Amino acid sequence: MTTPQIEAMTKVIEAMTADVKAINEQIKANTKIIKATTERIKATNEKMKATTRILNNTNDILNNTNVWSKQ
């Protein structure tokens, strides 16, 4: 292999290395976004659980009221 060929291959490898580094940075950024989204989903899930408890309590009250009104 000639020196120009080696130099050309070296440039290709350097460019590919830069691409891999950029991809890795994008993966890191995406991972941060996924983690933040997961935390928001967890928080929403907790809010939904609380809302479900409120709705269940309201349903119990309405059922009890219905029983009392029939007596």
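Please refer to the structure higher up on the page.
Residues numbered from 1 in each chain as written. Predicted model: local features only at pLDDT ≥ 70, side-chain atom pairs only at ≥ 80, totals over all residues. Heavy atoms only, no water.

**Thoughts on the overall build of the protein**
What the protein contains, in helices and strands, is one helix and zero strands. Relative to the compact-globule value of 11 Å for 71 residues, the protein shows a C-alpha radius of gyration of 30 Å, a clear excess of over 25%. Along the three orthogonal principal directions, the C-alpha set of the protein runs to about 100 × 15 × 10 Å. Counting over 71 residues, the protein shows a buried share of 0%. (Helix = DSSP H or I, 4+ residues; strand = E, 2+ residues; numbered from the N terminus. Rg over C-alpha atoms; globule rule 2.2 N^0.38 Å. Buried < 20%, exposed > 50% of the residue type's maximum accessible area, 1.4 Å probe, protein only.)

**Looking at the pattern of salt bridges**
Scanning the entire structure with this criterion turns up three salt bridges. One salt bridge connects glutamate 25 with lysine 28, and the closest N-O pair in it is separated by 3.4 Å. Taken together, the positions of glutamate 25 and lysine 28, both in helix α1 (residues 3-70) and three residues apart, correspond to about one turn of that helix. In this structure, lysine 42 and glutamate 39 form a salt bridge, with 3.6 Å as the shortest nitrogen-oxygen distance. Pair noted here: lysine 42 and glutamate 39 are both in helix α1, with a separation of three residues, about one helical turn. For lysine 42, a relative accessible area of 48% translates into the label partly exposed. Under the relative-accessibility criterion, glutamate 39 is labelled partly exposed at 47%. (Salt bridge = Lys/Arg side-chain N within 4 Å of Asp/Glu carboxyl O.)

**Some details on a nonpolar patch on the surface**
The grouping of Met1, Ile6, Met9 and Ile13 at the surface amounts to a nonpolar patch, some 440 Å² of accessible area in total. Mapped onto the elements, isoleucine 13 comes out in helix α1. Take isoleucine 13: its relative accessible area is 51%, and that puts it in the exposed class. (Patch = residues over 30% accessible without salt bridge, like charges linked within 9 Å, V, L, I, M, F, W, Y side chains within 5 Å. Areas by Shrake-Rupley, 256 points an atom, 1.4 Å probe, with all protein chains shown as cover.)

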